[in-house]
Amino acid sequence: ARPIIAIVGRPNVGKSTIFNRVIGDRMAIVEDKPGITRDRIYGTAEWNGTPFSIIDTGGIEIDEEDFILKSIRVQAELAIEESDVIIFMVDAKAGLTPADQEVAEILFRSRKPVVVAVNKVDNIQRQEDIYEFYSLGFGTPMGISGSHGLGIGDLLDTAVELL
Ligand code: GDP
Ligand code: MG
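Model, not experiment: these values are computed from the prediction. (Residues numbered from 1 in each chain as written. Chains lettered and ligands numbered in written order. Predicted model: local features only at pLDDT ≥ 70, side-chain atom pairs only at ≥ 80, totals over all residues.)

Notes on helix α4 (residues 152–161)
The condition is simple: Once C-beta atoms are placed from the backbone, each residue is buried if 20 or more other C-beta atoms lie within 10 Å of its own, exposed if 12 or fewer, and partly exposed for counts between those two. Comment: elements are numbered from the N terminus, with helices defined as DSSP H or I runs of at least four residues and strands as E runs of at least two. To obtain the arc, one takes the directions from the helix axis to the C-beta atoms. With C-beta atoms placed from the backbone, a contact is any residue pair whose C-beta atoms sit within 7 Å.
Those residues of α4 lying buried are Leu155, Leu156 and Ala159. Projected down its long axis, α4 shows its buried positions confined to an angular sector of 95°, all on one face. Looking at the packing, one finds that the buried side of α4 touches β1 (4–8), β2 (42–47), β4 (85–91), β5 (114–119) and β6 (142–143).

Next up, the structure:
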């Protein structure tokens, strides 16, 4: 089977934007579980000659606002269970949030390799916004921009190397 990379992070950081860029024209596969909505979640791609599957965990949504943190935990736990490498996505514009720290704690307990991708680093001025994310404890955060298509090759180089 193909190795699996999961994209994990709180809502709105840009997980689906990156997922769609990585899978390109390929179809994503949707799977349903009772009580959870999964939308466009599994895709396949290839980088540097390595085929892999990629999961957009953000497709899992629980409606009520009170359940957002629960939903984030469910996503992180599913990702840990199913994946070989985790891309932990955060948002340079929003900065570090308690929800990010919540995700970090869950990921930290796993033995899976984690790469921190700081999305919305849309220009060179924003590059300094990545530094606060060192405190998540997963090494050097990588600045990327899903909407501008910046840094995604370097991120995939790193993620695929960890597979
Ligand atoms: P998700 O909830 O984590 O899947 O996030 P989405 O991919 O749906 O993106 C959330 C919002 O952030 C959308 O309005 C995107 O257009 C926006 N967004 C995604 N990537 C970038 C980026 O690199 N820069 C900026 N400025 N906005 C982005
Ligand atoms: Mg999404």
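Let's talk about the site of ligand 1
Rules: Whether a residue is near a molecule or strand depends on its C-beta atom, placed from the backbone, lying within 6 Å of it. Under the grouping applied here, Gly and all other residues not named as nonpolar or charged are polar, the nonpolar ones being Ala, Val, Leu, Ile, Met, Phe, Trp, Tyr, Cys and Pro and the charged ones Asp, Glu, Lys and Arg.
Within the structure, ligand 1 sits among 16 residues, and Gly14, Lys15, Ser16, Thr17 and Gly146 are positioned closest to it. The element that contributes the greatest number of residues to the shell around ligand 1 is helix α1 (residues 15–23), accounting for three residues. Split into classes, the residues belonging to the shell around ligand 1 amount to two nonpolar, 11 polar and three charged.

Description of the pairing of β1
The condition that has to hold: Should DSSP find at least two bridges between two strands, the strands are regarded as paired.
The buried count for β1 comes to four of five residues, which makes it a mostly enclosed element. Here β1 runs beside β4; their pairing, made up of four bridges, is parallel. Paired with isoleucine 5 across the bridge in β4 is valine 85.

Considering the sheet that holds β4
Rules: Fitting a line to C-alpha atoms yields each axis, with helices limited to the stretch in contact; the angle taken between N-to-C directions then spans 0 to 180 degrees.
The six strands lie next to each other as β2-β3-β1-β4-β5-β6, forming an open sheet whose pairing is mixed. Of all the strands in the sheet, the pair left with one neighbour each is β2 and β6. Packing against the sheet, α4 makes contact with β1, β2, β3 (50–56), β4, β5 and β6, and its axis sits at approximately 170° to β5.

Focus: unusual backbone geometry
With a phi angle near 50°, asparagine 48 is a residue other than glycine that sits in the positive phi range. The residue asparagine 48 is located in the loop between β2 and β3 in this model. You can call asparagine 48 exposed: it has 9 C-beta atoms within 10 Å. A positive phi angle, close to 70°, is found at lysine 120, a residue other than glycine.

Considerations on the environment of valine 13
Take valine 13: it is sitting in the loop between β1 and α1. Given 28 C-beta atoms within 10 Å, valine 13 falls into the buried group. Between the alpha carbons of valine 13 and isoleucine 23 there is a distance of 18 Å; along the sequence they are 10 residues apart. Those residues in contact with valine 13 that lie beyond four places of it in its chain are Met89, Val90, Asp91 and Asn119.

Function cannot be read off these values alone, since they describe shape.
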